[in-house]
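Listed here are the chains, written in short residue letters.
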Amino acid sequence: MRTEVKDWQPSAIQLERESFRRRQAARSTAVAAASTLLVLGVVGGLVVSSPGWERVHETYFDAGKAVDAFPAVLAGLWVNVKIMVISAIAIVMLSLTIAVMRTTRGPIAFPLRLLGTVYVDVFRGLPLLLVIFLLGFGGPALDLSGLPRSALFWGCASLVLSYSAYVAEVFRAGIESVHQSQRLAGRALGLTYAQTLRHVVLPQAWRRVLPALMNDLVSLQKDSGLIAVLGTVIDAIRAAQIETAKDFNYTPYVVAGFLFICLTVPMARLTDWYARKQGFHGAGSLM
Amino acid sequence: MSDTDDRGTGSPHGDVKVLEMSGVRKAFGPNVVLNGVDFTVSRGECVVLIGASGSGKSTLLRCANLLETVDDGVITFEGDDITDPRVNGDEVRARMGLVFQAYNLFPHLTVLGNVTLALRKVHGVEATEAEQRGLAMLDRVGLAEKARSRPDDLSGGQQQRVAIARALVTGPRLMLLDEVTSALDPELVGEVLDLLSDLKGEGVTMVLNTHEMGFAREVADTVCFLHDGVIHESGTPAQVIGDPQQERTRAFLSRIRA
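Reading the values: rules and limits
Residues numbered from 1 in each chain as written. Chains lettered and ligands numbered in written order. Predicted model: local features only at pLDDT ≥ 70, side-chain atom pairs only at ≥ 80, totals over all residues. Pairing = 2+ DSSP bridges. Helix = DSSP H or I, 4+ residues; strand = E, 2+ residues; numbered from the N terminus. Axes fitted to C-alpha atoms, helices over the stretch in contact; angles between N-to-C directions. Contact = placed C-beta atoms within 7 Å. Parallel < 35°, antiparallel > 145°, perpendicular 65-115°, else oblique. Left-handed = near helix turned anticlockwise from the far one by under 90°. Nonpolar A, V, L, I, M, F, W, Y, C, P; charged D, E, K, R; others polar.

How should I be thinking about the sheet that holds strand 3 (residues 46-50) of chain B in this particular structure?
Where strands meet in a sheet, backbone hydrogen bonds hold them as pairs that are either parallel or antiparallel. All names here are of chain B. Strand order in the open sheet formed by six strands is 6-7-8-3-9-10, with mixed pairing between adjacent strands. Whereas interior strands pair on both sides, the edge strands pair on one side only; in this sheet they are strand 6 (96-99) and strand 10 (230-235). The average angle at which neighbouring strand axes cross in this sheet is 15 degrees, direction not considered. Bridge analysis of strand 3 against strand 9 (residues 222-227) gives four bridges, and the strand direction is parallel. When the bridges of strand 9 are listed, Val47 appears paired with Thr222.

Written out as structure tokens, the structure is:
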């Protein structure tokens, strides 16, 4: 007969251990809270007591100005969200293609591998801001038929080209982390190379790299603001710039920063949650 | 799809040759693993390959399955020369079942998903019918209630039975089983060997590598001893295991039993 769980009563020694752990936990919380308050107090005090604080306060933290600028900056943020979503979809498609090209084996696929490698090397090496300048101003000037000339399009294209180089490497690592025996098992069933990739390798690779990809998405959310340098796309940063230019009060930038944080924090928490969930399931379990 | 019906109708040692190897050679760099292997598997026959680790047993199965390309020699499967480079390897593999030592189940799919993948994607069986056939096959290996589980939630013996079901469900003309009990805890070996004995009873044509001599004696129609890349001795289990003629075979068997 197995003992039912409800019959179990913790022993005196166990009760003593638990009360010790509770005291210990309460003490740790108190220490952490006190030290956090102390640090914040000291830093805050230093800033506020600095000679230029009054000036900074009215230029960067003007409540009235913040309220005035808020609607325009928020409307701009919506543009950032749209840029982010559209770019993210394009990035996944392009980077997956490049990752597959780079992991294809055999001498026949050499040109594909070379092309993929050159692409990754070039776009990982170029600073994103430079790509945005080059394509954002140079792209429309090419006057290619069939392609829009808008700065929004070419700005998004810059993000996609630059990010795909990074994300392709993440996908490649995921593809290569799937054990060779999985490919063998797929081929042994009669699946073709492409079917094995599609039904066996990529689903497993995708699950493993998703936390890393979500991290890149948080990063993309912020970098979507770089398109502001092109001047004609009124995103949150460009909107803040316009508001600022009215009276040289920088508060709209702080408003934009605050809104970006509001956008990225939930994303970051979601990433953490997902990574933990993956960890419990054990990503590479079979081998 | 007539595949399930005509499998296993022939009596052991029937005249229909399923697999024939002649002069098969395979080297990995300077390491010659197979050095002119000749052997034949008839319909309904169970051939057991024995030999030391590294003697080429697994390589032989992978060559038969075209997962490895032979360096020389001819392999004939159901009358076709499958070593011809013009042959579509995927099509050949679709008619054989290969089971691995480490099961190699797909962890992202359910047990049923593993069993039905080839039916759906290779054999073009419609989803609902594939599901029915998959469930029937899982029932056959005693794991119908695990259909919706993930492979990782199963014991090693159960995983290996799923792997056998996955290979068997498409009705292969030949089953290749590569050390299918070597990764299992001793108490789980029995359930897999029992399943293989049943398959043998149903007349499934199979080639298997094993270190389980007792099992080899029980199910094999033919035992082949592989050494130095060639088949040194072959015959009935009573001959090869019971009364080996070759010095090498005796040495190997005494090491195994020691």
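From this point, things continue past the structure.
When you look at the interface of chain A and chain B in this model, what are you seeing that I'm missing?
Many analyses report the size of an interface as the accessible area lost when the parts associate. Chain A puts 19 residues into the contact, and the matching count from chain B is 18 residues. For the side of chain A that touches chain B, the secondary structure elements donating two or more residues are helix 7 (180-188) and helix 8 (193-223) of chain A.

Hey, could you run me through the packing of helix 6 (residues 151-177) of chain A against helix 8 of chain A in this one?
Packed helix pairs are specified by the crossing angle of their axes together with the interaxial distance, meaning the distance between the axes. Residues and elements named next belong to chain A. For the pair helix 6 and helix 8, interaxial distance at closest approach is 8 Å and the crossing angle is 150 degrees. It follows that helix 6 is roughly antiparallel to helix 8 by the angle criterion. Between helix 6 and helix 8 lies a crossing whose hand is right-handed. On helix 8, the residues touching Leu159, Tyr163, Tyr166, Val167, Val170, Phe171, Ala173, Gly174, Ile175 and Ser177 of helix 6 are Val201, Ala205, Trp206, Arg208, Val209, Ala212, Leu213, Asp216, Leu220 and Asp223. Tallied by class, the residues present in the contact of helix 6 with helix 8 amount to 15 nonpolar, two polar and three charged.

Would you mind going over the sheet that holds strand 4 (residues 72-77) of chain B with me for this structure?
Residues and elements named next belong to chain B. As summarised here, the arrangement of the four strands in space is 2-1-4-5, forming an open sheet in which the pairing is antiparallel. Across the chains shown, the open sheet's two edge strands, defined by having one partner strand only, are strand 2 (31-42) and strand 5 (80-81). Inspection of the sheet shows strand 1 (residues 17-28) paired to strand 2 by nine bridges, in the antiparallel sense. What sits directly across from Glu20, in strand 2, is Thr40. The strands that helix 2 (residues 57-64) touches are strand 1, strand 2 and strand 4; relative to strand 2, the one it contacts most, it runs at about 60 degrees.

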